[in-house]
Amino acid sequence: MFEKMDMALLYAKAKWNGFVDRLLHEEKGAADIVAILVIIVIVIAVAALFREQLMGLVTKVFGQATNWVDSNGAGN
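What you see is a predicted model; the values in this text were computed from it and never measured.

## Side note on the overall build of the protein chain
Here is step 1: Looking only at helices and strands, one finds three helices and zero strands in the protein chain.
Here is step 2: In the protein chain, the succession of helices and strands from N to C terminus is α-α-α.
Here is step 3: Split into buried and exposed, the 76 residues of the protein chain put 0% on the buried side.
Here is step 4: When the accessible area of the protein chain is evaluated, it comes to approximately 7400 Å², of which 71% is carbon and sulfur surface.

## Points about the confidence of the model for the protein chain
Reading fine detail from the predicted coordinates is not recommended where pLDDT is low.
Here is step 1: Looking at the protein chain as a whole, its pLDDT mean stands at 84, while 89% of the residues score no less than 70.
Here is step 2: By mean pLDDT, the top-scoring element of the protein chain is helix H3 (residues 51-71) (92), and the lowest-scoring one is helix H1 (residues 2-25) (81).

## With respect to H3
Here is step 1: Under the 1.5 Å per step criterion, the end-to-end length of H3 is 30 Å for 21 residues, consistent within 8% with the ideal 30 Å.
Here is step 2: Looking one or two residues past H3, Gly73 carries a phi angle of roughly 70°, positive in sign.

## Focus on a nonpolar patch on the surface
Here is step 1: A contiguous nonpolar surface patch, about 830 Å² in accessible area, is contributed by Val34, Val38, Ile42, Val46, Leu49, Phe50, Leu54, Leu57 and Val61.
Here is step 2: Taken together, the elements giving at least two residues each to the nonpolar patch come down to helix H2 (28-49) and H3.
Here is step 3: At five residues, the largest contribution of residues to the nonpolar patch is made by H2.
Here is step 4: The residue Val61 is located in helix H3 in this model.
Here is step 5: By relative accessible area, Val61 is classed as partly exposed at 46%.

## Quick look at the packing of aromatic side chains
Here is step 1: Summed over the entire model, instances satisfying the criterion amount to one aromatic pair.
Here is step 2: With a centroid separation of 5.6 Å and 40° between ring planes, the pair formed by Trp16 and Phe19 is classed as tilted. Here Trp16 pairs with Phe19, and both are found in helix H1, just three residues apart, close to one helical turn.

Rules of the game
- Residues numbered from 1 in each chain as written.
- Predicted model: local features only at pLDDT ≥ 70, side-chain atom pairs only at ≥ 80, totals over all residues.
- Heavy atoms only, no water.
- Helix = DSSP H or I, 4+ residues; strand = E, 2+ residues; numbered from the N terminus.
- Buried < 20%, exposed > 50% of the residue type's maximum accessible area, 1.4 Å probe, protein only.
- Areas by Shrake-Rupley, 256 points an atom, 1.4 Å probe, with all protein chains shown as cover.
- pLDDT = per-residue confidence, 0-100.
- Expected span 1.5 Å × (residues − 1).
- Patch = residues over 30% accessible without salt bridge, like charges linked within 9 Å, V, L, I, M, F, W, Y side chains within 5 Å.
- Salt bridge = Lys/Arg side-chain N within 4 Å of Asp/Glu carboxyl O.
- Phe/Tyr/Trp six-rings, centres within 6.5 Å; stacked < 30°, edge-to-face > 60°.

Right, dumping it as structure tokens:
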């Protein structure tokens, strides 16, 4: 009985060590996350730099869309 428990413990320990080793040495996932974070930061920076222009564009587009809907008889 104890021999089976010892074998199960050794197996679990080997699996755990393999998991930790892969986790610490796997770099592809970390590089992907860093790349995504960099892209998000760049998009936010561009949006902050061109905030006024973007707000004007959005206002103009929604104004034109509202006028189009109103002129085509929405709700009729």
